[in-house]
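As a plain string of letters, each chain reads:
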Amino acid sequence: MKGIVNKIIPFSNVDGPGNRLSIFFQGCNYDCLYCHNPETIEIFGEKSENIPEDISVMSIEKILEEIENVAPFISGITVSGGECSLQWRFLTELFTEIKKNWKRLTCFVDSNCSIPLWPEEKKKFIDILDKVMIDIKAFDKKDHILMTGISNENVIRNFKYLVELGKIYEVRTVIVPEIIDNEKTVDNISKLIAEYDKSLKYKIIKYRQNGVREEVLKAYTPSEEYMKKLKKIAEKNGLSNVVIV
Amino acid sequence: MSEQILSIIKNNVLTYEQKLRQLAGAAEGTLNVLNITPDIQEYRDKGIICDLFEGNAPYRARYITPDYEKFMKQGSKFLDIKPAKDIWEATTNLLILYNHVPSITSYPVYLGNIDTLLEPYIKDEEEAYKAIKLFLLQIDRTITDSFCHANLGPHKTKAGEMILKATVELDTMTPNLTLKYDEDITPDDFAVQAIETSLKVAKPSFSNYKMFQKDFYGKDYAIASCYNGLSIGGGAYTLVRLNLAKLVEEAKNEEDLLSHILPDAVNRMARYMDERVKFLVEESGFFESSFLAKEELIHRDRFSGMFGVVGLAECVNKIIGAEKQEDRFGWGRYADDLGVKIIEKLQEYVHNYKVKYCEITDNHYVLHAQVGIDTDYGISPGCRIPIGDEPALPKHIKQTAKFHPYFKSGIGDIFPFDEMASKNPESILDIIKGAFKEGMRYFSVYSTDADVIRITGYLVKKSEMEKLHRNEQVIQQTVVFGLGARENSKILERKIRGNE
Ligand code: SF4
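It should be emphasised that the depicted structure is a prediction, and the values quoted were computed from it without experimental measurement.

## Observations concerning the overall build of chain B
- When you go through chain B residue by residue, the secondary structure sums to 21 helices and 15 strands.
- Along the first, second and third principal axes, the C-alpha atoms of chain B reach 65 × 55 × 50 Å.
- For chain B, contacts bridging at least 24 residues in sequence account for 78% of all contacts bridging at least 6.
- Total accessible area on chain B is roughly 19300 Å²; 51% of this is exposed by carbon and sulfur atoms.
- With 62 positive and 74 negative side-chain charges, chain B shows a spacing of 1 Å between the two charge centroids.

So, in structure tokens, the structure goes:
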């Protein structure tokens with residue numbers, strides 16, 4: 001089995017706890033208005049023709065080699081995308097091998113959590129991964145479809161499933177001004193989180209234009225005051241660890 | 001001569017103290033007491049051997065690392081000081097002693113493991129914090145030279161935490177700080193606090209406790225001046241450096257360098273060091289007259305001589321004619337292997353040269369990766385990869401770690417991080433843990449946003465360099481060096497680390 005990889009960053013300090021090797025997998029089932037890496041959206045198969053040159057079809061061994069080079073310097077690896085969970089079979093195998101070789105390295109999954117993670121066939125995947133960073137991009141279904149092209153029933157169900165297992169590292173929402181009702185969104189999402197775990201980290205992320213396709217979305221970065229207002233809403237709902245990025 | 005003296009006196013950019021020290025240097029410069037043979041002088045004239053302005057007649061050891069633990073227990077007869085009973089007396093006693101510890105700069109280059117020294121006196125935390133903050137303030141404003149170095153760790157202490165906190169609040173250049181770090185002893189939260197401190201004020205640096213312990217035969221050690229590993233209760237008589245970037249001009253090829261030029265240069269430099277050590281020990285009367293020796297805060301037989309090296313990168317690149325980056329030191333396999341070979345040979349030659357008066361280091365001089373001087377142009381410190389040629393961080397660390405084991409009296413690398421890293425200091429701790437496992441001895445971090453930055457080993461404020469650049473007086477002598485290095489060695493152009 002092979003993984004379709006867009007790029008690997010050997011040292012990353014923004015993808016979870018400590019220093020991590022980040023693997024960006026190619027291919028996504030969403031098409032977010034504000035996608036910062038639209039080049040990672042297109043899905044290729046292992047044997048697809050005309051895979052662009054900068055995308056690599058990588059074996060487990062090849063990725064393990066990359067990890068080997070930096071293993072002493074990292075706390076773990078984070079898989080991201082695109083949407084890495086689309087390649088969950090490959091990830092299951094990769095994580096199993098990582099744990100075999102380096103017991104202390106943790107495996108984190110940065111995901112939009114749109115594919116059902118609860119079915120029995122994915123049990124091994126969920127067991128072996130350490131934590132998930134989950135994007136809840138909107139709460140209202142219509143808003144979610146507007147932002148991503150797809151409804152969010154699976155996302156919410158996945159959230160509930162994972163949080164009960166203690167497998168969530170953080171929840172994230174990108175704040176784009178003037179498209180959907182952000183106050184309502186943050187209010188609902190934080191209520192949902194608070195229902196399960198008030199100390200769970202909730203990251204609200206300022207929209208930034210860099211990388212975003214101008215023909216799809218042209219927006220401005222929300223002000224610090226606005227973000228603080230949203231943070232207050234989440235805190236009022238009982239969350240103790242709300243972070244503005 | 002008198003013209004030189006008058007120009008020191010009339011120089012308005014110098015403070016009174018800076019004038020005083022330069023005048024003393026000028027006086028010493030009139031003497032000619034060392035027996036310097038023509039072959040040594042030839043290499044001195046060519047800048048291959050350089051004594052780093054130690055002067056013509058050594059009358060104090062270059063670096064002195066007193067046994068402050070002992071001083072805290074016994075006080076001092078000469079200074080008429082009794083052992084301290086509380087935090088105020090403890091800090092005062094230390095400040096008094098610092099004033100009487102000489103060195104090449106005439107300021108103390110080592111202040112002791114100040115956290116363990118003060119920890120027993122911490123009773124009321126609020127009061128202790130006030131005392132510690134004033135202690136650090138006093139050091140910064142009176143020891144106006146950031147070669148002055150205090151040590152922390154490896155254990156987490158209340159005093160250690162307070163020192164870090166006060167260091168950030170004071171935002172000072174002096175003292176330089178090192179945390180003796182051992183993953184198995186130092187808890188992560190204390191190490192992370194140290195890194196957060198470093199990202200604000202460029203210190204402490206991290207020293208590899210396990211490695212140094214092994215090199216000092218299980219005994220504790222002092223980190224003094226820039227990053228020099230020395231025996232506690234001793235120090236270094238002298239530090240002379242061999243400029244490999246210039247020595248390479250004498251060699252016909254690699255073989256000639258390794259088998260003829262290098263051993264000959266080691267011999268010339270070691271003989272020069274012998275002369276300096278001999279005068280200091282046998283004639284200057286330093287060890288007979290200093291109360292530090294009489295009260296056994298220092299012991300003559302715990303001193304050694306530091307054999308410094310600079311410019312390995314330039315030496316390697318020159319001798320193999322490396323033009324393209326992929327062939328150069330830090331990138332090319334051949335270049336890096338040759339670098340290791342040169343240092344291996346160097347160590348062999350230095351260790352085989354037996355010397356008097358260096359009992360503590362097995363009767364030979366010890367290797368030191370010298371950080372350079374402000375007037376160096378295009379010469380990299382010690383075994384460092386030149387600024388502008390730094391590879392990605394994992395590769396960089398593995399490359400430099402090959403050299404660190406050879407330099408027990410000091411070597412280190414400096415990595416500036418971007419502001420994202422300050423949001424995740426644990427990521428830097430991961431890197432340090434890995435670096436020490438790979439064999440690095442000493443690791444320094446600073447943030448590109450901070451005012452205090454690390455030049456080559458010592459610290460300087462960017463804002464102070466600006467002042468001096470505008471020809472205003474600055475209190476710290478080291479700012480002068482920093483400005484020189486800023487202009488000649490591109491230190492502000494170091495590769496910034498973040499995600500890579
Ligand atoms: S889920 Fe992520 S990768 Fe996929 S389209 Fe949205 S922003 Fe882009």
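Structure's up, so let's keep going.
## Thoughts on the overall build of chain A
- Tallying secondary structure elements over chain A gives 7 helices and 9 strands in all.
- Relative to its length of 245 residues, chain A is compact, with a C-alpha radius of gyration of 18 Å against a globular reference of 18 Å.
- With the principal axes as the frame, chain A shows a C-alpha extent of 45 × 40 × 35 Å.
- Taken over 245 residues, chain A has a buried fraction of 53%.
- Accessible surface computed for chain A: about 11000 Å², of which carbon and sulfur atoms make up 49%.

## Details of the side chain of B:Thr186
All names here are of chain B.
- Tracing the backbone through its elements, the reader meets Thr186 in the loop between strand E5 (176–181) and helix H9 (188–201).
- Side-chain polar atoms of Thr186 contact the backbone oxygen of Pro154, separated by 2.8 Å.
- Discounting chain neighbours no more than four positions away, the residues touching Thr186 are Pro154, Leu179, Lys180, Tyr181 and Ala191.

## Regarding the sheet that holds strand E12 (residues 413–417) of chain B
All names here are of chain B.
- Read from one edge of the open sheet, 6 strands run E3-E4-E5-E6-E13-E12, paired in mixed fashion. Every other strand in the sheet has two partners, leaving strand E3 (110–113) and E12 as the edge strands with one partner each. Across the sheet, the axes of successive neighbouring strands diverge by a mean angle of 25 degrees, strand direction being ignored.
- Relative to strand E13 (residues 442–447), strand E6 (residues 205–208) is paired through 2 bridges, and the arrangement is antiparallel. Its bridge partner lying in E13, Ser207 is registered against Tyr442.

## What about the side chain of A:Asp143?
- Mapping A:Asp143 onto the fold places it in helix H4 (residues 141–148).
- Apart from residues no more than four positions distant in its own chain, A:Asp143 is found in contact with A:Ala138, A:Ile180 and A:Thr185.

## Points about the sheet that holds strand E5 (residues 106–111) of chain A
Residues and elements named next belong to chain A.
- Sheet architecture is open: 9 strands sit in the order E3-E1-E2-E4-E5-E6-E7-E8-E9, paired in mixed fashion. The open sheet has two edge strands with one neighbour each: strand E3 (56–59) and strand E9 (242–244). Taken over all neighbouring pairs, the strand axes of this sheet differ in orientation by 30 degrees on average, direction set aside.
- Here helix H1 (residues 60–70) sits on the sheet in contact with strand E1 (2–12), strand E2 (20–25), E3 and strand E4 (76–80), set at roughly 85 degrees to E3.

## With respect to the environment of B:Val316
Residues and elements named next belong to chain B.
- Looking at the secondary structure, you find Val316 in helix H15 (residues 312–319).
- Accessibility expressed as a relative area gives 0% for Val316, which makes it buried.
- Along the backbone, Val316 and Ile342 are 26 residues apart, and their C-alpha atoms lie at a distance of 8.7 Å.

Rules used in this analysis
Throughout, a residue's number is its position along its own chain's written sequence, starting from 1. Here the convention is simple: chains get letters from A, ligands get numbers from 1, in the order in which they are written. Reporting of local features is limited, given that this is a predicted model, to residues whose pLDDT is at least 70; pairs of side-chain atoms are given and counted only at 80 or more, and all residues count toward the totals for whole chains, interfaces and linings. Side-chain calculation: all heavy atoms of the structure are included, whereas hydrogens and water are not. Elements are defined by DSSP. Helices are runs of H or I of four residues or more, strands are runs of E of two residues or more, and each kind is numbered from the N terminus. Here a residue-residue contact requires only that any non-hydrogen atoms of the pair lie within 4.5 Å. In this description, accessible areas are obtained by the Shrake-Rupley approach with a 1.4 Å probe, and a residue is regarded as covered only by the protein chains that are shown. Only four residue types enter the charge count: Lys and Arg as positive, Asp and Glu as negative, with His and the chain ends excluded. In this description, the location of a charge corresponds to atom NZ of lysine, CZ of arginine, CG of aspartate or CD of glutamate. Each radius of gyration reported is based on C-alpha atoms, and the globular scaling rule is 2.2 Å times the count of residues to the power 0.38. Here's how the labels work: a residue is buried when its accessible area is under 20% of the maximum for its type, exposed when over 50%, partly exposed in between, all with a 1.4 Å probe on protein chains only. For the purposes of these results, a polar contact is taken to be a pair of N or O atoms within 3.5 Å, where, inside protein, one atom must be able to donate a hydrogen and its partner to accept one; residues adjacent in sequence count only when each atom of the pair is a side-chain atom. Pairing between two strands is assigned when DSSP locates at least 2 bridges connecting them. Between N-to-C directions, angles cover 0 to 180 degrees, with each direction set by a line fitted to C-alpha atoms, over the stretch in contact for helices.

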